[in-house]
Amino acid sequence: MASRDFSDALTSAAMLALANDPGVAAIVGDRVRDYVEDKPRWPFLRLDPVTVTPWEASCWVGMEAELVIHSFVRADRSTRGVQRLNAAVVAALDEAALPLSEGVLLGLDHRGSTTGPDTAEPASWHGIVRFRALVVEVTG
């Protein structure tokens, strides 16, 4: 099966959308990364490398991708802070029409979220938000 990997374009567009979303920015400011800083300022978001599966249909070739965003909040005894951040991520990206530098985004759908304690220090939380994306190019 032919395939195209648009993961860089998808990651860049998702990071830009999250950084420019008022709901997300109100919580994390400009701390949206695809890496973890040596001494990160909390709260922050980190995007995993995209997992890509080849996708093909008549006159289209591309990828189905799993986009995973990690949210980190500390100094909060309850999960409310990280759940608010997860909800802001979902509101910013679910069914968003992100403009990509290459390829066409046919769909971006929230697939689920989870929250648990982070081992970094007491009262810190780690959320995981998963999305499915379909990015293609027209071949015919």
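For the structure itself, consult the block above.
Residues numbered from 1 in each chain as written. Predicted model: local features only at pLDDT ≥ 70, side-chain atom pairs only at ≥ 80, totals over all residues. Heavy atoms only, no water.

Peer 1: What am I meant to see in the packing of helix H1 (residues 7-20) against helix H3 (residues 80-93) here?
Peer 2: Orientation of H1 relative to H3, taken along the N-to-C sense of each, is 120°, at an axis distance of 10 Å. Read as a crossing pair, H1 and H3 show a hand that is right-handed. Contacts between H1 and H3 involve Ala-14, Ala-17 and Leu-18 from the former and Val-89, Ala-92 and Leu-93 from the latter. Looking at the contact of H1 with H3, its residues break down into six nonpolar, no polar and no charged. (Axes fitted to C-alpha atoms, helices over the stretch in contact; angles between N-to-C directions. Helix = DSSP H or I, 4+ residues; strand = E, 2+ residues; numbered from the N terminus. Left-handed = near helix turned anticlockwise from the far one by under 90°. Contact = heavy atoms within 4.5 Å. Nonpolar A, V, L, I, M, F, W, Y, C, P; charged D, E, K, R; others polar.)

Peer 1: What is the right way to read the environment of Arg-41 from this model?
Peer 2: Along the chain, Arg-41 turns up in the loop between strand E1 (32-33) and strand E2 (44-47). The partly exposed category is assigned to Arg-41, whose relative accessible area is 49%. The spatial distance from the C-alpha of Arg-41 to the C-alpha of Phe-72 is 9.8 Å, given a sequence separation of 31 residues. Residue contacts for Arg-41: discarding those within four places in its chain leaves Asp-30 and Arg-31. (Buried < 20%, exposed > 50% of the residue type's maximum accessible area, 1.4 Å probe, protein only.)

Peer 1: I would appreciate a short explanation of unusual backbone geometry in the present structure.
Peer 2: Glycine aside, residues mostly have negative phi, and peptide bonds are mostly found in the trans state. Between Trp-42 and the following residue, Pro-43, the backbone shows a cis peptide bond with an omega angle of -15°. Positionally, Pro-43 belongs in the loop between E1 and E2. We note that Ala-123 has phi near 60°; this positive angle belongs to a residue other than glycine. With respect to the helices and strands, the residue Ala-123 is situated in the loop between strand E5 (104-117) and strand E6 (124-138).

Peer 1: Help me out: how do you make sense of the side chain of Ser-7 in this one?
Peer 2: Relative to the helices and strands, Ser-7 is located in helix H1. Assessed through its relative accessible area of 18%, Ser-7 is described here as buried. Not counting the four nearest positions on each side in its chain, Ser-7 is found in contact with Val-50, Val-52 and Met-63.

Peer 1: Just checking my understanding: could you explain the pairing of strand E4 (residues 60-74) for this structure?
Peer 2: Within a regular strand, side chains alternate between the sheet's two faces. Taken across its 15 residues, E4 has 11 buried, putting it largely inside the fold. Examined bridge by bridge, strand E3 (residues 51-57) and E4 share seven bridges and lie antiparallel to one another. The partner of Pro-54 across the bridge, within E4, is Met-63. Pairing geometry for E4 and E6, over 15 bridges, is antiparallel. (Pairing = 2+ DSSP bridges.)

Geometric descriptors of this kind do not, in isolation, establish any biological role.
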